[in-house]
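As a plain string of letters, each chain reads:
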Amino acid sequence: MGEKRTSHRVGCFTKCFLYHDGATYGCILENLSFSGALIKMGRPLPDRLRQGDRCSLVLCGDPVISPGEYNSTIARLNFPRVGLHFQEREGEA
């Protein structure tokens, strides 16, 4: 089966934060593309994380100075990695 991705991925390896259901998880951003991101969780995946859940990602080690949050959907879970698909922002095509 061939590669399904249409966006080029860029390796990052920087700190980030995942917000899900009122909880904050410190993570490492492994790679980033126009359509999503692959993050590595710093601790075991909580049972409440499920494929298809909505969450948000802050692409910075300090959420106070972050340029913004990226609304996402959990596309896949493969401990310790989580694949995220970015949602379109309102007004964007």
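Heads up: the structure comes first, above all this text.
Since this is a predicted model, take the numbers as computed values, not measurements. (Residues numbered from 1 in each chain as written. Predicted model: local features only at pLDDT ≥ 70, side-chain atom pairs only at ≥ 80, totals over all residues. Heavy atoms only, no water.)

To continue, consider the overall build of the protein. Scanning the protein from N- to C-terminus turns up zero helices and six strands. Looking at the protein as a whole, 34% of its 93 residues are labelled buried. Counting contacts in the protein only where the partners sit at least 6 residues apart, residues at least 24 apart contribute 44% of the total. Total accessible area computed for the protein in this model is approximately 6300 Å², and 49% of it derives from carbon and sulfur atoms. (Helix = DSSP H or I, 4+ residues; strand = E, 2+ residues; numbered from the N terminus. Buried < 20%, exposed > 50% of the residue type's maximum accessible area, 1.4 Å probe, protein only. Contact = heavy atoms within 4.5 Å. Areas by Shrake-Rupley, 256 points an atom, 1.4 Å probe, with all protein chains shown as cover.)

A separate point is the environment of Gly 11. Along the chain, Gly 11 falls in strand 1 (residues 10-20). A relative accessible area of 52% means that Gly 11 is categorised as exposed. Considering only alpha carbons, one finds Gly 11 and Leu 29, 18 residues apart in sequence, at a separation of 8.2 Å. Non-local contacts of Gly 11, meaning those with residues more than four positions away in its chain, are made with Glu 30 and Asn 31.

Of note, the amide linkage connecting Phe 79 to Pro 80 takes the cis form, showing an omega dihedral of 5°. If you trace the backbone, Pro 80 turns up in the loop between strand 5 (69-78) and strand 6 (81-86). A positive phi angle, close to 50°, is found at Phe 13, a residue other than glycine. Following the sequence through the fold, Phe 13 ends up in strand 1.

Fair warning: the whole summary comes from geometry, so function is off the table for now.
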